[in-house]
Amino acid sequence: MADMTGQVALVTGGGRGIGAAISRRLAERGVRVAIGYSNSPDGAQKIADDYPGCSIHQGDIGKKEDCQRVVDEVLEQHGQLDVLVNNAGITADKMMHKMETDEWDSVIQVNLSGTFYLTRLAFLHMSERETGRIVNISSVIGEQGNMGQANYSAAKSGLFGLTMSVAQEAARKGVTVNCVAPGYIETDMTANVPDKVRDKIVSGIPMRRLGQPDEVARVVEFLADPDSIYITGQVYSVNGGMAM
Ligand code: NAP
């Protein structure tokens, strides 16, 4: 693993769940992590308190003006951006025939368009410096689909296409773009799944358990490493064998 001391990473949704594990792993490597949040600053603030040099940034990534402001803040405060982790995401589950247009739009806006807005801004900066790492957090649902998640699945599948296309455009600029596709991970996102549904999910996972946020974060850390320069346009699945 290369030295990452002094590098700067922006982790969206970096204050809780998978994002918090990513923020902490990168901060442990000496990276100054700019931790993004939308509504709940507490988790982000706690990490920033634990790791001097880190900062917190409020913004709704579904709004391109917020993305611009957050990236401006990060560059003003830290002077550079080496790593972008597009982690923030939402769900609004419903069977497709009952899904309202705004439930479709909001999930596409945050999970897919938000990643596009931030990737475009980060790439402009990274390509000038001819170095950078972009990691997009997709999902096993983007690989397999799922009943009641047409919006989420479409957004997460869309990240595969976005990743591969931008990876091809960015390769000559020293910027890599990859995806991590977690299976079911124990976070707030999965906390309210009814026991019966949870048991059914677990029975479909060869490892017979949900994953932990840090089991995803370690793969993100690997892809963010300067030595991972020859890996781009790839999807790394972290799902206990759920999809092979
Ligand atoms: P989580 O615990 O629900 O946390 C979501 C994070 O995203 C929070 O930090 C939240 O910020 C942030 N966020 C939500 N909407 C936002 C917006 N509009 N603008 C900026 N930030 C926003 O989720 P998680 O389970 O850690 O999931 C993280 C990522 O992994 C997501 O992309 C998710 O789709 C993906 N994933 C999760 C699982 C799983 O089983 N948990 C599986 C596969 C993929 P606030 O705290 O401020 O609200």
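Draft legend 1. How the structure looks around the overall build of the chain. The number of helices and strands found in the chain is 9 helices and 7 strands. For a compact globule of 244 residues, the expected C-alpha radius of gyration is about 18 Å, and the chain comes in at 17 Å, within 12% of that figure. Seen through its principal axes, the chain has C-alpha atoms that stretch 50 × 35 × 35 Å. The buried share among the 244 residues of the chain stands at 52%. Restricting to contacts in the chain with at least 6 residues of sequence separation, those with at least 24 account for 70%. Of the roughly 11600 Å² that the chain leaves accessible, carbon and sulfur atoms contribute 51%. In the chain, 23 positive and 30 negative side-chain charges are present, and the distance between their average locations comes to 4 Å.

Draft legend 2. Inspection of helix α3 (residues 64-78) at higher detail. Here α3 spans 21 Å end to end across 15 residues, near enough to the 21 Å set by a 1.5 Å rise per residue. Listed in full, the buried residues belonging to α3 are D66, C67, V70, V71, V74 and H78. For α3, the buried positions fall inside an angular range of 130° around the axis, keeping them on one side. Among the exposed residues of α3, those oriented more than 90 degrees off its buried face are E65 and E76. Buried residues belonging to α3 abut β1 (8-11), β2 (32-37), β3 (55-58) and α4 (101-129). Remark: G79 follows α3 within two positions and exhibits a positive phi of approximately 85°.

Draft legend 3. Quick peek at the pattern of salt bridges. The full count for this structure, using the stated rule, is 13 salt bridges. Between R24 and D50 there is a salt bridge; the shortest N-O distance is 3.1 Å. Here R24, found in helix α1 (residues 17-28), pairs with D50, found in helix α2 (residues 41-50); they are 26 residues apart in sequence, far enough to count as distant. Residue R24 is classed as partly exposed on the basis of its relative accessible area, which comes to 28%. Residue D50 is classed as partly exposed on the basis of its relative accessible area, which comes to 35%.

Draft legend 4. Molecular detail of the site of the ligand. If you check the shell around the ligand, you find 29 residues, and the closest are R16, S40, N87, Y152 and T187. Contacts to the ligand include N87, whose backbone N or O atom sits 2.6 Å from an oxygen atom. In isolation the ligand offers 890 Å² of accessible surface; the protein chains occlude 94% of this area. For the shell around the ligand, the elements supplying multiple residues, two or more each, are α1, α6 (150-170) and α7 (188-191). A total of 3 residues in the shell around the ligand trace back to one element, the largest contributor, which is α7. Its residues assigned to classes, the shell around the ligand comprises 12 nonpolar, 13 polar and 4 charged.

Draft legend 5. Summary view of the side chain of D82. Examined against the element boundaries, D82 turns out to sit in the loop between α3 and β4 (83-86). Here the side chain of D82 touches V8 through a polar contact of 2.7 Å, landing on its backbone nitrogen. Polar side-chain contacts of D82 include one of 3.2 Å to the side chain of R129.

Draft legend 6. The sheet that holds β3, seen in detail. Within the open sheet, the 7 strands sit side by side as β3-β2-β1-β4-β5-β6-β7. Their pairing is parallel. Looking at strand neighbours, the two that pair on one side only are β3 and β7 (235-238), the edges of this open sheet. Averaged over all neighbouring strand pairs, the angle between strand axes comes to 20°, with direction disregarded. Pairing analysis gives 4 bridges linking β4 to strand β5 (residues 132-137), with the strands arranged parallel.

Basis of the calculations
- The numbering scheme is per chain: residues are counted from 1 as the chain's sequence reads.
- Thresholds applied to this predicted model are a pLDDT of at least 70 for local features of residues and 80 or more for the giving and counting of side-chain atom pairs; totals over whole chains, interfaces and linings are not thresholded and use all residues.
- The basis for every side-chain value is the complete set of heavy atoms in the structure, and neither hydrogens nor water enter the calculation.
- Strands are runs of DSSP state E lasting at least 2 residues, helices are runs of H or I lasting at least 4, and numbering of each runs from the N terminus.
- Every radius of gyration here is taken over C-alpha atoms, with the globule rule written as 2.2 Å times N^0.38, N being the number of residues.
- Only protein chains enter the accessibility calculation, which uses a 1.4 Å probe; a residue whose area is less than 20% of its type maximum is buried, one above 50% is exposed, and one in between is partly exposed.
- What makes two residues a contact is simply this: any of their non-hydrogen atoms within 4.5 Å.
- Surface accessibility follows the Shrake-Rupley procedure with a 1.4 Å probe radius. Residue values consider only the protein chains on display as shielding.
- For the purpose of counting charges, residues Lys and Arg are taken to be positive, whereas Asp and Glu are taken to be negative. His and the chain ends are not included.
- Throughout, a charge is located at the NZ atom of Lys, the CZ atom of Arg, the CG atom of Asp or the CD atom of Glu.
- Multiplying 1.5 Å by the helix residue count minus one yields the expected span of that helix.
- Note that the arc is computed from the directions linking the helix axis to the C-beta atoms.
- A pair is scored as a salt bridge if a Lys or Arg side-chain nitrogen falls within 4 Å of a carboxyl oxygen belonging to Asp or Glu.
- When at least one non-hydrogen atom of a residue lies within 4 Å of a molecule or strand, that residue is treated as near it.
- Within 3.5 Å is the distance limit for a polar contact, defined as a pair of N or O atoms, with the added protein rule that one can donate a hydrogen and the other accept it, and that residues adjacent in sequence qualify only through two side-chain atoms.
- For this classification, Asp, Glu, Lys and Arg are treated as charged, while Ala, Val, Leu, Ile, Met, Phe, Trp, Tyr, Cys and Pro are nonpolar and the rest, including Gly, are polar.
- The criterion for strand pairing is that DSSP finds at least two bridges linking the strands in question.
- To obtain each axis, a line is fitted to C-alpha atoms, and for helices this fit is confined to the stretch in contact; angles are then taken between N-to-C directions over 0 to 180 degrees.

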